[in-house]
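In case you want the letters, here they are:
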Amino acid sequence: MKIPLSNVHLTPAAYQNVYDALARNWISGTGDYVTQFERALAVQVSRQHAIAVSNGTVALEVALKALGIGPGDEVIVPALTFVAPAAAVRSVGAKPILVDVTEESWTLDCEKLQQHLTLATAAVIAVDLLGHPADYEWLKIAMLLPYDVEIPIIEDAAEAHGAIYFRDIRRIVGSIGRVSTFSFHANKTITTGEGGAITTDLPGLAARIRLIANHGMTHERPYYHEVVGTNARMTNLTAAIGTAQVAAWDDLVMMRNQVARKYDERLVDLFDNTELYRRPVASWATEACWLYTVAHPNREPIINALRAKGIDSRAIWPALCDLQLYRESCRGDYPVARKISREAFWLPTWAGMPDSDIDFICEVLYEAIQQPIHE
Ligand SMILES: *Cc1c(COP(=O)(O)O)cnc(C)c1O
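If you're wondering where the values come from, they're calculated on a predicted model, not measured in any experiment. Position numbers for residues count from 1 along each chain, tracking the sequence in the order it is written. At least 70 in pLDDT is required for a residue's local features to be given in this predicted model, at least 80 for side-chain atom pairs to be given and counted, and no such filter applies to totals for whole chains, interfaces and linings, which use all residues. Remark: hydrogens and water are excluded; side-chain values derive from all non-hydrogen atoms of the structure.

Q: I would appreciate a short explanation of the sheet that holds strand β7 (residues 170-172) in the present structure.
A: Through backbone hydrogen bonds, the strands of a sheet pair up, either in parallel or in antiparallel fashion. For two strands to be treated as a pair, DSSP must find no fewer than two bridges joining them. A run of DSSP states H or I qualifies as a helix once it reaches four residues; a run of E qualifies as a strand once it reaches two. Both are numbered from the N-terminal end. The strand order across the open sheet built from 3 strands is β7-β6-β11, with neighbouring strands paired in antiparallel fashion. Single-partner strands in this sheet number two, and they are β7 and β11 (285-286). In this structure, strand β6 (residues 164-166) lies alongside β7, joined through 3 bridges in antiparallel fashion. From the neighbouring strand, Tyr 165 faces β7, where its bridge partner is Arg 171.

This is the structure in structure tokens:
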């Protein structure tokens with residue numbers, strides 16, 4: 001492909017930090033870059049605690065375990081998301097229950113969610129989908145009503161570094177749920193190659209997360225394992241990259257948003273005059289574009305036209321309700337998630353993407369959409 005879907009933007013500090021960690025032989029899951037990275041991340045997303053882990057999926061698994069979620073529990077998961085939240089629920093032995101998303105924000109539909117709360121509901125994983133926060137105020141209200149017990153919200157912020165939620169409160173994503181998780185996979189806005197983190201304001205929960213992520217063992221009493229843990233640590237080498245990425249956080253978020261603005265400008269005629277539409281942004285949110293997402297009722301020929309020109313455009317994930325593996329997680333129908341999963345697709349997006357690439361992609365889009373399409 002001439003134009004990849006995604007690309008990594010590293011600052012010189014990343015190279016220096018990695019070299020420094022290597023030169024000092026600090027390459028495992030303990031080291032000063034891990035500490036530095038965790039502190040910087042906590043400050044960046046306005047949290048008391050951040051725990052670095054090996055990836056965003058493990059972050060979800062550890063968060064679920066730390067909240068005591070396991071067999072017999074149900075966890076609400078949006079029907080439209082990358083699979084990780086649903087898989088994490090299954091991997092701790094609990095049952096994901098799929099809930100549809102809204103047309104307004106493509107995130108959890110709080111009214112529909114309410115119909116699927118049961119006495120077994122132990123948590124909700126709200127995904128800040130494609131750079132857009134979920135509707136947390138509504139979520140809290142919807143969840144309090146039926147049983148008057150507070151069900152914890154796990155915020156999966158893997159795709160939304162830097163997005164802002166402002167309905168009654170103004171909060172950056174990663175600071176909103178009882179616990180929030182991040183991914184720093186190579187295609188994410190802030191990246192360490194592979195990597196993840198868990199953030200929270202609760203000291204007890206943070207300690208439990210550390211315990212689980214580090215073999216169920218504390219520094220105070222090595223080899224006296226209090227709980228069954230795992231090794232979910234991030235390496236100091238990875239955190240060396242992460243420290244540099246967090247230092248460039250605002251720039252990296254802004255640079256992707258600039259790419260989105262440019263796509264918006266160039267595609268306005270198609271949005272106004274054809275069936276092509278953009279991923280919506282709700283009035284109560286500021287998007288931090290991750291992958292620029294558009295949709296069209298007849299998407300396949302458009303994607304094929306882009307790919308034929310060497311542009312790595314891709315269809316969004318299938319709705320989880322359409323995967324055989326999650327059949328038992330379905331409750332009723334999922335019209336919105338299904339529609340989006342049939343129509344949406346991604347255009348190449350990364351920080352510092354050249355204007356000429358955006359121009360070329362938009363030209364191909366105009367051609368593909370305005371010409372009569374033969375499949
Ligand atoms: C990428 C992603 C993850 C998982 O992150 P990894 O670091 O790849 O394990 C989790 N949730 C969502 C919504 C994601 O997009």
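Q: Would you mind going over unusual backbone geometry with me for this structure?
A: Glycine aside, residues mostly have negative phi, and peptide bonds are mostly found in the trans state. In the Ramachandran plot, Leu 130 falls in the positive-phi region, its phi being about 45 degrees despite a non-glycine side chain. Looking at the element boundaries, Leu 130 is found in the loop between β4 (121-127) and α6 (136-144). Since its relative accessible area comes to 1%, Leu 130 is described here as buried. Note on classification: 1.4 Å probe, protein chains only; a residue is buried when its accessible area is under 20% of the maximum for its type, exposed when over 50%, partly exposed between these limits.

Q: Explain the packing of helix α1 (residues 12-23) against helix α8 (residues 236-247) to me, please; I cannot follow it from the model alone.
A: For any two helices packed against each other, one specifies the inter-axial angle together with the distance between the axes. A fitted line through C-alpha atoms serves as each axis, taken over the contacting stretch for helices, and the angle formed by two N-to-C directions is quoted from 0 to 180°. Look at α1 against α8: their axes get within 8 Å of each other, and the N-to-C directions meet at 155 degrees. The orientation of α1 with respect to α8, classified from their angle, is roughly antiparallel. Both α1 and α8 take part in a crossing whose hand is right-handed. Taking contact as the criterion, the partners of Ala 13, Ala 14, Asn 17, Val 18, Ala 21 and Leu 22 in α1 are, on α8, Asn 236, Leu 237, Ala 240, Ile 241, Thr 243 and Ala 244. Here the contact of α1 with α8 is composed, by residue class, of 9 nonpolar, 3 polar and no charged. Should an angle fall under 35 degrees it is taken as roughly parallel, and over 145 as roughly antiparallel, whereas 65 to 115 is taken as roughly perpendicular and any remaining angle as oblique. For a crossing to be left-handed, the near helix must be turned anticlockwise from the far one by less than a right angle; the clockwise case is right-handed. Throughout, a residue-residue contact means that at least one pair of heavy atoms, one from each residue, lies within 4.5 Å. All amino acids are sorted into three groups, where Ala, Val, Leu, Ile, Met, Phe, Trp, Tyr, Cys and Pro are nonpolar, Asp, Glu, Lys and Arg are charged, and the leftover types, Gly among them, are polar.

Q: Before we go on, may I ask you to explain helix α4 (residues 84-91) in this structure?
A: In an α-helix, one turn spans 3.6 residues, which is why side chains three or four residues apart end up on the same side. Among all positions in α4, only Ala 84, Pro 85, Ala 86, Ala 88 and Val 89 are buried. In this structure, the buried residues of α4 make contact with α3 (56-66), β2 (74-78), β3 (95-99), β4 and β5 (153-156). Once α4 ends, the next one or two residues include Gly 93, with phi positive near 90 degrees.

Q: Would you explain the nonpolar core in this entry?
A: A general feature of soluble globular proteins is that nonpolar side chains tend to end up buried together. Put simply, a nonpolar core is a bunch of buried Ala, Val, Leu, Ile, Met, Phe, Trp, Tyr and Cys residues held in one set by side-chain atoms that sit within 4.5 Å of each other. By size, the foremost hydrophobic cluster in this structure holds 55 residues, and its most contacted members are Leu 64, Val 75, Leu 98 and Ile 125. At the level of elements, β1 (49-53), α3, β2, α4, β4, α7 (203-213), α11 (335-343) and β14 (344-347) are the ones that each hand at least two residues to this core. Examining the composition of this core, we find that 7 residues originate from one element, α3, more than from any other. Apart from the residues lying within four places of it in its own chain, the contact partners of Leu 98 are Val 77, Pro 78, Ala 79, Leu 320, Cys 321, Tyr 326, Ser 329, Cys 330 and Tyr 334.

Q: Hey, could you run me through the pairing of β2 in this one?
A: In regular strands, side chains alternate between the two faces of the sheet. Counted residue by residue, β2 has 5 buried out of 5 residues, so it is predominantly covered. Every second residue of β2 is oriented toward a common face, with Glu 74, Ile 76 and Pro 78 on one face and Val 75 and Val 77 on the other, all of them buried. By the bridge criterion, 5 bridges tie β2 to β3 in an arrangement that is parallel. The residue bridging Ile 76 from the neighbouring strand is Ile 97, located in β3. Direction of pairing for β2 relative to β4: parallel, over a ladder of 3 bridges. Residue Val 75 lies in a different strand from β4, and its bridge partner there is Ala 123.

Q: Hey, could you run me through a nonpolar patch on the surface in this one?
A: Nonpolar side chains (Val, Leu, Ile, Met, Phe, Trp, Tyr) within 5 Å and like charges within 9 Å form the patches, drawn only from residues with over 30% relative accessible area and no salt bridge. Shrake-Rupley sampling with a 1.4 Å probe provides the accessible areas, and residues are treated as covered by the protein chains on show and by no other component. We count a salt bridge whenever a side-chain nitrogen from Lys or Arg sits within 4 Å of a carboxyl oxygen from Asp or Glu. A cluster of nonpolar side chains, namely Val 8, Leu 10 and Tyr 15, defines an oily patch on the protein surface of about 290 Å² accessible area. Mapped onto the elements, Val 8 comes out in the segment before α1. Relative accessible area serves as the criterion here: at 40%, Val 8 is assigned to the partly exposed category.

Q: It is not clear to me how the environment of Asp 168 should be interpreted in this structure. Could you clarify?
A: Summarising the element assignment, Asp 168 is placed in the loop between β6 and β7. Owing to a relative accessible area of 66%, Asp 168 belongs among the exposed residues under this scheme.

Q: Hey, could you run me through the side chain of Arg 278 in this one?
A: Among the structural elements, Arg 278 can be located in strand β10 (residues 277-278). Side chain to side chain, Arg 278 and Asp 264 meet in a polar contact 2.6 Å long. Polar contacts here mean pairs of N or O atoms no more than 3.5 Å apart (in protein, one a potential hydrogen donor and the other a potential acceptor; neighbouring residues in sequence count only if both atoms are side-chain atoms). At 2.9 Å, the side chain of Arg 278 forms a polar contact with the side chain of Glu 287. Filtering out sequence-adjacent residues up to four positions away, Arg 278 remains in contact with Ala 260, Arg 261, Asp 264, Phe 271, Glu 287, Tyr 292, Thr 293 and Val 294.

Q: Explain the sheet that holds β10 to me, please; I cannot follow it from the model alone.
A: Across the sheet, 4 strands lie side by side as β10-β12-β14-β13; this open sheet has antiparallel pairing. The open sheet has two free edges, formed respectively by β10 and β13 (314-315), since each of these has just one partner strand. Looking at chain direction, strand β12 (residues 292-295) and β14 are connected through 4 bridges and run antiparallel. In the sheet register, Val 294 faces β14, and the bridge partner there is Phe 345.

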